[in-house]
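Fold and contact review
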Amino acid sequence: MIDLFHVILLGIIEGITEFLPISSTGHLLIAEKFGLGARSDLFNIGIQAGAILAVTLIYRRRIWLLLTQWREPGNRDYLLKLTVAFLITAVLGLVAVKLGFKLPETVTPVAWALVIGGLWMIAAERLAARQPERSEVTWRVAILVGIAQMIAGIFPGTSRSAATIFAAMLFGTSNRAAATEFAFLVGIPTMYAATGYELLKVVKGGGAAHEDWTALAVGFVVSAIMAFVAVKWLLGYIRAHAFTPFAIYRIAFGVALLLLVPAGG
């Protein structure tokens, strides 16, 4: 029962933090280090896919329109940019895997990423506010979002949503809602692909028998429900508010962790 409670808590943390610009991977790592127990890579990626399912449902009409009316020039152009951004992330991600890159297992680098990312968000928000209002997603934005997504994936604490949203806002798509939509839509195939890749690796490696599939299923469902609520709230929030409160939270949380870790936290 205690383990199930921990799984539910991890699902809640993942669902809330996946699309808020505060780093879900960083929060999961910290939660595991501070009492909720280490989980497999498949579990961590699988519950992220639960959050992605929530976004898929929220954007289902937009996705359906893009797929069924792709011959329309505007939809085809947008779909191609989504595809290119995803492919850039996928290729660079595979290169990182081949080079043997591994996620950090300590809290300190995550804490620093939270602080530095928070400061960067404040500066980026101010720079983006000076740009003329623009909702179009350019090819430069698509390419940089793909790169930003990969960077966030290998540096926990960075936040995939923060990296991709601000990459879009700073380099052409200054409209907050448009930048957020593109960033979230790119995340859909990316996280499904990451989950499929990890699942295939587990099955081929013979680790399927040792995986706690019940915990994964519970975490997936909880994450999906919480992400649906969180994203619905965020999409309404950003219409009239800046991301600055999230940046302040990141800085405060990161500093608190840096103070706690040396003391044995």
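Residues numbered from 1 in each chain as written. Predicted model: local features only at pLDDT ≥ 70, side-chain atom pairs only at ≥ 80, totals over all residues. Heavy atoms only, no water.

Per an unreviewed UniProt entry, the protein chain goes by the name Undecaprenyl-diphosphatase and belongs to Rhodanobacter lindaniclasticus. For the protein chain, the Subcellular location (unreviewed entry) comment in UniProt is given as "Cell membrane". Note on the protein chain: under the UniProt heading Sequence similarities (unreviewed entry), the record states "Belongs to the UppP family." (UniProt positions renumbered as here; feature names shortened; annotations may be inferred.)

Right, let's talk about the packing of aromatic side chains for a bit. Within the structure shown, the criterion is met by nine aromatic pairs. Relative to phenylalanine 243, the ring of phenylalanine 166 has its centre 5.5 Å away and its plane inclined at 65 degrees; by these criteria the two rings are edge-to-face. Placement of phenylalanine 166 in helix α8 (residues 160-170) and of phenylalanine 243 in the loop between α10 (213-237) and α11 (244-260) is noted, with a sequence separation of 77 residues between them. Assessed through its relative accessible area of 0%, phenylalanine 166 is described here as buried. Here phenylalanine 243 falls in the buried class, since its relative accessible area comes to 1%. Here tryptophan 233 and phenylalanine 246 contribute two aromatic rings whose centre-to-centre distance is 6.2 Å and whose plane-to-plane angle is 75 degrees, an arrangement assigned as edge-to-face. With a gap of 13 residues between them, tryptophan 233 in helix α10 and phenylalanine 246 in helix α11 connect regions that are remote in the sequence. Judged by its relative accessible area of 45%, tryptophan 233 is partly exposed. Taken together, the ring pairs in this structure connect Trp120, Phe166, Trp233, Tyr237, Phe243 and Phe246 into an aromatic cluster. (Phe/Tyr/Trp six-rings, centres within 6.5 Å; stacked < 30°, edge-to-face > 60°. Helix = DSSP H or I, 4+ residues; strand = E, 2+ residues; numbered from the N terminus. Buried < 20%, exposed > 50% of the residue type's maximum accessible area, 1.4 Å probe, protein only.)

Let us look at the packing of helix α5 (residues 73-98) against helix α7 (residues 139-154). Two measures define how a pair of helices packs: the angle their axes make with one another and the distance between the axes. Two elements in contact, α5 and α7, have axes whose closest approach is 8 Å; the angle formed by their N-to-C orientations is 35 degrees. For the crossing formed where α5 meets α7, the hand is right-handed. Packed against α5, whose contacting residues are Asp77, Leu80, Lys81, Val84, Ala85, Ile88, Thr89, Leu92, Gly93 and Ala96, the element α7 presents Trp139, Ala142, Ile143, Gly146, Ile147, Gln149, Met150 and Ile154 at the interface. Split by residue class, the contact of α5 with α7 holds twelve nonpolar, four polar and two charged. (Axes fitted to C-alpha atoms, helices over the stretch in contact; angles between N-to-C directions. Left-handed = near helix turned anticlockwise from the far one by under 90°. Contact = heavy atoms within 4.5 Å. Nonpolar A, V, L, I, M, F, W, Y, C, P; charged D, E, K, R; others polar.)

Counting across every chain of the model gives five salt bridges. A salt bridge links arginine 160 to glutamate 18; the nearest nitrogen and oxygen atoms lie 3.8 Å apart. Of the two residues, arginine 160 is situated in helix α8 and glutamate 18 in the loop between α1 (2-17) and α2 (24-36); the sequence distance between them amounts to 142 residues. The closest approach of N and O atoms between arginine 62 and glutamate 181, which form a salt bridge, is 3.5 Å. (Salt bridge = Lys/Arg side-chain N within 4 Å of Asp/Glu carboxyl O.)

As a further point, take a positive patch on the surface. Positive charge collects at one region of the surface, where Arg60, Arg61, Lys232 and Arg239 lie side by side. Within the element layout of this structure, lysine 232 appears in helix α10. (Patch = residues over 30% accessible without salt bridge, like charges linked within 9 Å, V, L, I, M, F, W, Y side chains within 5 Å. Areas by Shrake-Rupley, 256 points an atom, 1.4 Å probe, with all protein chains shown as cover. Lys, Arg positive; Asp, Glu negative; His and termini not counted. Charge placed at Lys NZ, Arg CZ, Asp CG, Glu CD.)

Okay, the side chain of asparagine 175 next. As for its position among the elements, asparagine 175 is in the loop between α8 and α9 (176-204). Within the local environment of asparagine 175, its side chain forms a polar contact with the backbone nitrogen of alanine 178, the two atoms lying 2.8 Å apart. Contacts of asparagine 175, omitting those with residues within four sequence positions, involve Glu133, Arg134 and Ser135. (Polar contact = N/O pair within 3.5 Å; in protein donor to acceptor, adjacent residues only side chain to side chain.)

This paragraph deals with the side chain of histidine 27. Structurally, histidine 27 is set in helix α2. Its relative accessible area of 9% is what places histidine 27 among the buried residues. Reaching out from histidine 27, the side chain makes a polar contact with the side chain of tyrosine 249 at a distance of 2.8 Å. Beyond its immediate chain neighbours, meaning those up to four positions away, histidine 27 contacts Ile13, Thr17, Ile22, Tyr249 and Phe253.

Now for the UniProt feature "transmembrane region" (unreviewed entry) in the protein chain. On the UniProt side, "transmembrane region" (unreviewed entry) is annotated at positions that read residues 7-30, 42-59, 79-101, 107-125, 137-155, 213-235 and 247-264 here. Taken end to end, residues 7-30 comprises 75% helix and 0% strand; its first and last C-alpha atoms sit 14 Å apart. Here residues 213-235 is 100% helix and 0% strand, with 32 Å between the C-alpha atoms at its ends.

Once that is clear, we can look at α5. Each α-helix winds once per 3.6 residues, and so residues spaced three or four apart point in a common direction. The end-to-end C-alpha separation of α5 is 37 Å, in line with the 38 Å expected for 26 residues at 1.5 Å each. Residues of α5 that are buried include every one of Asn75, Tyr78, Lys81, Leu82, Ala85, Phe86, Ile88, Thr89 and Ala96, and no others. Residues of α5 that are buried in the fold lie against α4 (60-68), α7 and α9. At the N-terminal end of α5, a side-chain oxygen is found 3.1 Å from the backbone nitrogen of glycine 74, two or three residues along, and the residue is glutamate 72. Just beyond α5, the residue with positive phi is glycine 100, at close to 85 degrees. (Expected span 1.5 Å × (residues − 1).)

With that out of the way, let us pick up α11. For α11, built from 17 residues, the straight-helix expectation of 24 Å at 1.5 Å per residue is met to within 8% by its first-to-last C-alpha distance of 24 Å. Of the positions making up α11, those classed as buried are Phe246, Ala247, Arg250, Ile251, Gly254, Leu257 and Leu258. Across the axial projection of α11, the buried residues extend over an arc of 140 degrees, all falling on one side. Buried residues along α11 sit against α2, α6 (107-129), α8 and α10. (Arc of directions from axis to C-beta.)

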